[in-house]
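Read off the chains here:
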Amino acid sequence: MTRMNKATSETCDEEEDVVAVPFPGAPSARSMPGWYPDLFASVAGHVRLGRQRAISAINRELIKTYWAIGRDILDRQHDEGWGAKVIDRLSADLSERFPGARGYSARNLKYMRAFAAAWPEPAIVQRSAAQLPWRHHQLLLDKLDSADQRLWYAAAALDGGWSRDVLALHIEQRLRERSGRAINNFAATLPPEESDLAEQAMRDPYVFDFAGIEDGRREREVERLLIEHVEKFLLALGQGFAFVGRQVRMQVGGDDFYADLLFYHLKLRCYVVIELKAAKFEPGFLGQLSFYMAVIDDLMAHSDDKPTIGLLLCKTKNNVVAEYALRGYVAPIGVAQWTAEIGESLPPEIVSSLPTTDELEAEFADPEEPGFSSSCAGEAE
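Computed from a predicted model, the values in this text were never measured in an experiment.

Asker: Tell me about the overall build of the protein chain, residues and numbers included.
Answerer: Helices and strands together make up the secondary structure of the protein chain, namely 18 helices and 7 strands. Considering only residue pairs separated by 6 or more positions, the protein chain has 65% of its internal contacts joining residues 24 or more positions apart. Put simply, the protein chain shows about 21,700 Å² of open surface, and 53% of that area lies on carbon and sulfur atoms.

So, in structure tokens, the structure goes:
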């Protein structure tokens, strides 16, 4: 055996003699004291909250940085009157100075410029706008042309925790124009603070474009389609609604009655019973709904619950007739329309006030770059 082979053999023999010592594993969950699950839940909660706060802080600083960059670009462009090539050069130099950094493409720098122009007051950015992710802001810039609209949807997105897709859906369906528009008697039947909250929780019209509902379908068929798409139905109703049941059976004096749709509203702290009609509003519909509300208050509601609210959804309605009909009721009831397409039922005064596509694009057009608008700037990189 050569010297090398002998040395190799001795080394292998030594390795074979080494006894591996296993690393001690975690003790079993069953060996832990009874209070351990509480400790684990508490520590896990701290970790989760800490991570959420860290992510939120990073996002706030990113948004404020983007606004500051956009402000610098706007100010310099205003003072010096330079062209778009400067932004392209700026993007290239930033990429060279900060290799691997994302978000500083020419397209995104133009978004930053539009962002700073849309929110000229830094206090607004620090107070509310900084809490939304950047891609939400891109969507607000692409789809909306006024500060009031952006503020409303930004606040609603924060309050509801909307994803970008949900925000896009609500903008497309013109939620702002529909919120709080249902005919109701809340001011006369509820305390002021509850009345305002209940009114804002109602919409007119409600848009059920997700269920494939066609004209001519009967109420039961519409109900079935809505419940088959219950997640989207809840999204159409708005934040705070929790589904309780469909065709909820109520026994009164030995007779059976069935409420179309029953929900519980987590903010209003009350049941909301919905009657669905595939027909034009008739005053007689309110009597049936009021009856269901009284039964739910007596037989289902907890003593801490607020009075049940009724919502009558009709295919069409005459607002004047609905207002007169509601005067005879002491229970809180709202009357609204439902539609399969948003364009069908918006009042003419709302439709006429909405900006056209050309107007939206012109809002962000760069005078030095014909054809550019924030809508074609693409996603952040």
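So that's the structure; there's more coming.
Asker: Tell me what's going on with the pattern of salt bridges, and back it up with residues and numbers.
Answerer: Under the definition given, this model contains 7 salt bridges. Between R89 and D93 there is a salt bridge; the shortest N-O distance is 2.9 Å. In this pair, R89 and D93 are both assigned in helix α3 (residues 85-97), 4 residues apart and thus about one turn of the helix distant. For R89, a relative accessible area of 48% gives the class partly exposed. D159 serves as the salt-bridge partner of K267, at 3.0 Å between the closest nitrogen and oxygen. Of this pair, K267 sits in the loop between β4 (255-265) and β5 (270-276) while D159 sits in helix α7 (residues 147-160), and the two are 108 residues apart along the sequence. Classification of K267 as partly exposed rests on a relative accessible area of 40%. Overall, the relative accessible area of 47% leaves D159 in the partly exposed class.

Asker: Tell me about the packing of helix α2 (residues 36-80) against helix α4 (residues 106-118), and name the residues and values.
Answerer: Interaxial distance between α2 and α4 falls to 7 Å at its minimum, and their mutual angle equals 85°. Accordingly, the angle class assigned to the pair α2 and α4 is roughly perpendicular. Facing I63, Y66, W67, I69, G70, R71, I73, L74 and Q77 of α2, the residues of α4 in contact are N108, L109, M112, R113, F115, A116 and A117.

Asker: Describe in detail the packing of α3 against α4, supporting the description with residues and values.
Answerer: Between α3 and α4, the shortest axis-to-axis distance is 9 Å and the interhelical angle comes to 115°. The angle between the axes of α3 and α4 places the two elements in the roughly perpendicular class. Here α3 and α4 pass one another in a crossing that is right-handed. Taking contact as the criterion, the partners of I87, D88, L90, S91 and L94 in α3 are, on α4, A106, L109, K110 and R113. Each residue belonging to the contact of α3 with α4 can be placed in one class, and the counts come to 5 nonpolar, 1 polar and 3 charged.

Asker: Let's hear about empty space enclosed by the protein: which residues, and what values?
Answerer: Applying the stated rule across the entire model yields 1 cavity of 30 Å³ or more. The volume enclosed by the largest cavity comes to roughly 50 Å³. In this structure, the largest cavity is lined by L190, E194, L268, C270, K306, P307 and I309. Split into classes, the residues belonging to the lining of the largest cavity amount to 5 nonpolar, no polar and 2 charged.

Asker: Break down the layout of surface pockets for me, citing the residues and quoting the values.
Answerer: In this structure, the largest pocket occupies an estimated 490 Å³ of space. Along its surface, the largest pocket is lined by 21 residues, and D159, Q200, R203, G238 and Q239 are the ones closest to its centre. Top element by residues in the lining of the largest pocket is α7. It accounts for 4 residues. Of the residues belonging to the lining of the largest pocket, the class tally is 11 nonpolar, 7 polar and 3 charged.

Asker: Now, about unusual backbone geometry: what can you tell me, with residues and values included?
Answerer: Its identity as a non-glycine residue notwithstanding, R174 has a phi of 55°, on the positive side. Mapped onto the elements, R174 comes out in the loop between α8 (164-172) and α9 (175-178). Relative accessible area serves as the criterion here: at 25%, R174 is assigned to the partly exposed category. Unusually for a residue other than glycine, Q247 sits at a positive phi of about 50°. Within the element layout of this structure, Q247 appears in strand β3 (residues 241-252).

Definitions and limits used
Residues numbered from 1 in each chain as written. Predicted model: local features only at pLDDT ≥ 70, side-chain atom pairs only at ≥ 80, totals over all residues. Heavy atoms only, no water. Helix = DSSP H or I, 4+ residues; strand = E, 2+ residues; numbered from the N terminus. Contact = heavy atoms within 4.5 Å. Areas by Shrake-Rupley, 256 points an atom, 1.4 Å probe, with all protein chains shown as cover. Salt bridge = Lys/Arg side-chain N within 4 Å of Asp/Glu carboxyl O. Buried < 20%, exposed > 50% of the residue type's maximum accessible area, 1.4 Å probe, protein only. Axes fitted to C-alpha atoms, helices over the stretch in contact; angles between N-to-C directions. Parallel < 35°, antiparallel > 145°, perpendicular 65-115°, else oblique. Left-handed = near helix turned anticlockwise from the far one by under 90°. Nonpolar A, V, L, I, M, F, W, Y, C, P; charged D, E, K, R; others polar. 1 Å grid on protein atoms, 1.4 Å probe; cavity = no way out; pocket = protein on both sides within 12 Å on 5 of 7 lines; lining within 4 Å. Points joined across faces, edges and corners; volume = space filled by probe spheres on them.

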